[in-house]
Amino acid sequence: MGRSPRWPRPAWGCRVGLVANQVGQAPRLAADLFHRLGPDAAIVTLGRFGALAHTTRGLLRTPAPTVTVVHTHGAGAAFSAGYAQTLLAGATLPEALHAGCTLGSAHCAGSPVTAIQPTPTPNGGPCVIRH
Amino acid sequence: MLFDTDLAEAATMLRTLDWTDLAAITHASTPLLAVLDARRDTLHDLVVHAIEDDHLSGLHEHYDILDKLVLHDDTSGWRLRLHVFAPGYFDRPHNHRWTYTSRILAGSYTHTLYGSDELLGDRETIDPAQLTPRMVRTETTGDTYTLQHTMIHAITAQPHTTSLIVRGPAVKDRFLVTDQVTGHSWWQYGAAHESPETAAAKRMTPQRARATLRRLREHGVLGPATEAASA
């Protein structure tokens, strides 16, 4: 990281990963990456705990579906695929995060996922839920 | 109403409740919710009754990510509701017009608490970026909690999570909604202030209500109907 012309601001010295028992530090890591690299969103995936994103609007969290894990190889790539495909289809960041977690979990469960289901918009799309 | 003696006693406690006293609300609501959690056949009867009852069927709401069934509408102002969260449910940080007690019957959700709307001070609205999570909890099957109407919170639910709620009388005519993506926040008014078109868009159709009942049966949230109801 830091050598790509897409991300001219170097990330040297910035941690880019966590070990399993450091999940509580994820918000700080996401904030650190966000401020150093200046992306639209800095996302930290948290395995079975889901994922979180730091954006200009603050922190967003999404839990991962509960599945029986068969393997975790490629889980990050599956998350990225679900996230990117949903975002490019015009969905919001929370929807894309949810799709990433859904596809990542399905991959870990060994489920054949051929397409990502469209996710709904918050608070019921055009209707704001009565609270 | 299908409340038997035990449930009627619990319901009576709610009629005389001080809805500003959270401890009292929890004390009065928990037995009702716990009994219905344990007696899924009775809960089944209540859902069937709510779908068939002319008054209650007009109170059910359907959104693309949430179904709300009103199982009891008490003349004193409290309601018993069943919420069924669809896959992908999440909502924006918001508060409520009423205080409630919720019991999770199936599934779980991540519950983020941001603090009371008193943090607005003299401001009419708040920049959502200023909202800081003060507590993040996982509410899971069997959990019960009471939330005061001023609390700003948000939920991200696992698919088909189902909760049973005692909703207190409305104590204000609007609730706060904040959108962290657009950076906007606003006060949303209740059903009484909605246009007929907006209200109609939220009203659950009889077909949808029956589909919700089928789904609750399929997911094992409802037990078999009682013999009395089946007769």
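The following refers to the structure shown. (Residues numbered from 1 in each chain as written. Chains lettered and ligands numbered in written order. Predicted model: local features only at pLDDT ≥ 70, side-chain atom pairs only at ≥ 80, totals over all residues. Heavy atoms only, no water.)

### Describing the side chain of Arg215 of chain B
Mapped onto the fold, Arg215 of chain B is located in helix H6 (residues 206-218). Setting aside anything within four residues of it in sequence, one finds Arg215 of chain B in contact with Asp67, Val84, His160 and Arg208 of chain B. (Helix = DSSP H or I, 4+ residues; strand = E, 2+ residues; numbered from the N terminus. Contact = heavy atoms within 4.5 Å.)

### Some details on the pairing of strand S5 (residues 108-116) of chain B
Residues and elements named next belong to chain B. Summarising burial for S5: eight of the nine residues are buried, a large majority. Bridge count between S5 and strand S6 (residues 135-140): six bridges; the pairing is antiparallel. Following the sheet pairing, Tyr109 is matched in S6 by Glu139. Note that S5 and strand S8 (residues 151-157) share seven bridges and pair antiparallel. Paired with Thr112 across the bridge in S8 is Ala154. (Buried < 20%, exposed > 50% of the residue type's maximum accessible area, 1.4 Å probe, protein only. Pairing = 2+ DSSP bridges.)

### As for the packing of aromatic side chains
All names here are of chain B. What the rule picks out here adds up to five aromatic pairs over all chains. Consider the rings of Phe85 and Tyr109, whose centres lie 5.7 Å apart with planes at 65°: the pair is edge-to-face. Placement of the pair is Phe85 in strand S3 (residues 79-85) and Tyr109 in strand S5, with a sequence separation of 24 residues. Grouping residues by exposure puts Phe85 and Tyr109 together as buried. Ring plane angle 70° and centroid distance 5.8 Å describe the contact between Tyr100 and Tyr145, whose orientation is recorded as edge-to-face. Here the residue Tyr100 occupies a position in strand S4 (residues 100-106), and Tyr145 occupies one in strand S7 (residues 144-147), the gap between them amounting to 45 residues. Take Tyr100: its relative accessible area is 4%, and that puts it in the buried class. Through a chain of ring-to-ring contacts, three or more aromatic side chains come together here, namely Phe85, Tyr89 and Tyr109. One residue, Arg174, lies across the ring of Trp187, its end atom 4.4 Å from the ring centre. (Phe/Tyr/Trp six-rings, centres within 6.5 Å; stacked < 30°, edge-to-face > 60°. Lys NZ or Arg CZ within 6 Å of the ring centre and 35° of its normal.)

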